[in-house]
Amino acid sequence: MAATMRLHRALARAGLASRRRAEVLIGQGRVRVNGAVAQVGQGVDTSSDVVEVDGRRVNLKAPPTAWFVLHKPAGVMTTRSDPQGRQTVFDLVEDVPGLVYVGRLDLLTEGLLLLTTDGDAAHRLTHPSA
């Protein structure tokens, strides 16, 4: 079974860049798929396509899914980064590419928070239609 996905998503899952940054790299012509210059919106088969960024091959094989259960203390932001420099939940866990939080707790709230690299599961758990 082919593991096909959009190129910018595959680059983000590989830990190379965010999806938006990956789109910029693709648009700048710095990404090649099977030797050809990639196009924004292009799909790739992560199990067989050869992807290079600036001449370096990118490993698109997804690492095993990671899940973290975190007791978020009060005073810690539930966000990737804070412009005011406050501590975030990502400061409390190991650096794992593609890690996202599931749900959200306010700054002064403490409690259980899930973090995962499984974006599809995070979406299913948090989408209001679920």
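Structure: see above.
Residues numbered from 1 in each chain as written. Predicted model: local features only at pLDDT ≥ 70, side-chain atom pairs only at ≥ 80, totals over all residues. Heavy atoms only, no water.

### Brief notes about the pattern of salt bridges
Right, on to step 1. Applying the stated criterion across every chain yields a total of three salt bridges.
Right, on to step 2. Here Arg 30 makes a salt bridge to Asp 54, at a shortest N to O gap of 2.6 Å. A residue pair is termed long-range when its members are at least 10 positions apart, and Arg 30 in the loop between helix H2 (19-27) and strand E2 (31-33) and Asp 54 in the loop between strand E5 (51-53) and strand E6 (56-58) qualify at 24 residues.
Right, on to step 3. The class for Asp 54 is partly exposed, based on a relative accessible area of 47%. (Salt bridge = Lys/Arg side-chain N within 4 Å of Asp/Glu carboxyl O. Helix = DSSP H or I, 4+ residues; strand = E, 2+ residues; numbered from the N terminus. Buried < 20%, exposed > 50% of the residue type's maximum accessible area, 1.4 Å probe, protein only.)

### What to know about the sheet that holds strand E3 (residues 36-37)
Right, on to step 1. Here four strands make up an open sheet; going across it, the order is E3-E2-E5-E6 and the pairing antiparallel. In this open sheet, the two strands that pair with only one neighbour each are E3 and E6.
Right, on to step 2. Examined bridge by bridge, E5 and E6 share three bridges and lie antiparallel to one another. Bridging across to E6, Glu 52 finds its partner in Arg 57. (Pairing = 2+ DSSP bridges.)

### With respect to the sheet that holds strand E7 (residues 67-72)
Right, on to step 1. A sheet is described by the order of its strands in space; here three strands give the open sequence E7-E9-E8, paired in antiparallel fashion. Where the open sheet ends on each side, the last strands, each with one partner, are E7 and strand E8 (100-102). Between one strand axis and the next, the sheet turns through 35 degrees on average, direction left out of account.
Right, on to step 2. Packed on one face of the sheet, helix H3 (residues 119-126) meets E7, E8 and strand E9 (111-116) and runs near 30 degrees to E8. (Axes fitted to C-alpha atoms, helices over the stretch in contact; angles between N-to-C directions. Contact = heavy atoms within 4.5 Å.)

So far we have only geometry, and geometry alone does not tell us how the molecule works.
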